[in-house]
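The primary structure of each chain is shown beneath.
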Amino acid sequence: MADNLRVLFSEQQIQERVAEMGAQIRADHEDRVLTCIGVLKGSFLFMADLVRAIPGDVRCEFLGVSSYHGGTRSTGVVQITQDLRYPIEGQDVLIIEDIIDTGLTMDYLLRMLRTRGPRSLRVATLLDKPKRREVALSADYTGFSIPDEFVVGYGLDLGELYRNLPYVAVYSPE
Ligand code: IMP
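My aim in this report is to walk through the structure given alongside it, one point at a time.

How each quantity is defined
Residues numbered from 1 in each chain as written. Predicted model: local features only at pLDDT ≥ 70, side-chain atom pairs only at ≥ 80, totals over all residues. Heavy atoms only, no water. Pairing = 2+ DSSP bridges. Helix = DSSP H or I, 4+ residues; strand = E, 2+ residues; numbered from the N terminus. Axes fitted to C-alpha atoms, helices over the stretch in contact; angles between N-to-C directions. Contact = heavy atoms within 4.5 Å. Near = heavy atom within 4 Å. Polar contact = N/O pair within 3.5 Å; in protein donor to acceptor, adjacent residues only side chain to side chain. Areas by Shrake-Rupley, 256 points an atom, 1.4 Å probe, with all protein chains shown as cover. Nonpolar A, V, L, I, M, F, W, Y, C, P; charged D, E, K, R; others polar. Right-handed = clockwise from strand over helix to strand, strands pointing away.

### Focus: the sheet that holds strand 7 (residues 141–145)
Spatial ordering of the open sheet is given by 4-3-2-5-6-7, a layout of six strands whose pairing is mixed. Single-partner strands in this sheet number two, and they are strand 4 (79–82) and strand 7. Neighbour-to-neighbour, the strand axes of the sheet open up by a mean angle of 30 degrees, direction not taken into account. Helix-sheet contacts for helix 1 (residues 11–28) involve strand 2 (34–40), strand 3 (58–66), strand 5 (92–100), strand 6 (120–128) and strand 7, and the interaxial angle to strand 7 is about 160 degrees. Those strands touched by helix 3 (residues 104–114) are strand 2, strand 3, strand 4, strand 5 and strand 6, and its axis lies near 165 degrees from that of strand 5.

Here it is as structure tokens:
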């Protein structure tokens, strides 16, 4: 492994936590169809595993959002690069995100999706950095809370690299 990466959550730790989250999410939505909305690109691996851990009927949709522009700090500017293809009115919706940092992205998405009249709207995030929050907001389902460190892997990138790592690692610049 590269010198600047330190494993924070192994593949096995992630899979165990994802299985727990999937069971909890299904229990909370009883036998209703769940519309899962993955926030691209960071959530693609987490979403692939999480939807397989949710028993019963699930729809998979994607939202393209860009809030980072290659660096390790948020710009606070949220841009929708790909919108949903179908209405979500009356549906049970679960937003699936890789990480909630300042919360600016999720705050924006929640406000945008609420206007579309879903029956319920919940948030599942793999990682949470509560110390960095700039808007009061918490996910309904959180995989792991982490300190204020920049992490990569399992979908999370730095300049588009590292998304393919099967684990989550802290990235320290040399
Ligand atoms: P927020 O709007 O500040 O909450 O940032 C959310 C987005 O920033 C996430 O969906 C990630 O794409 C990105 N992000 C925040 N922290 C990290 C990190 O530690 N590693 C990689 N991406 C991050």
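### Overview of the site of the ligand
With respect to spatial proximity, 18 residues lie near the ligand, and among them Asp98, Thr102, Gly103, Thr105 and Val151 are the closest. Side-chain polar atom of Glu97 to an oxygen atom of the ligand: 3.3 Å apart, as the coordinates give it. Protein contacts shield 93% of the accessible area of the ligand, which totals 490 Å² for the unbound molecule. Put simply, the parts of the chain that give the shell around the ligand at least two residues each are strand 5 and helix 3. Of the residues in the shell around the ligand, the class split is seven nonpolar, five polar and six charged.

### Digging into the side chain of Asn4
The residue Asn4 is located in the segment before strand 1 (5–9) in this model. Those residues in contact with Asn4 that lie beyond four places of it in its chain are Tyr162, Val170, Tyr171, Ser172 and Glu174.

### Brief notes about the pairing of strand 3
Every regular strand shows the same layout, with side chains that alternate between the two sheet faces. In this structure, strand 2 lies alongside strand 3, joined through seven bridges in parallel fashion. Counterpart to Leu40 in the pairing with strand 3 is Gly64. Each parallel crossover has a hand, and for strand 2 linked through helix 2 (residues 44–53) to strand 3 it is right-handed. Relative to strand 4, strand 3 is paired through three bridges, and the arrangement is antiparallel. Of the residues in strand 4, the one forming a bridge with Gly64 is Gln82.

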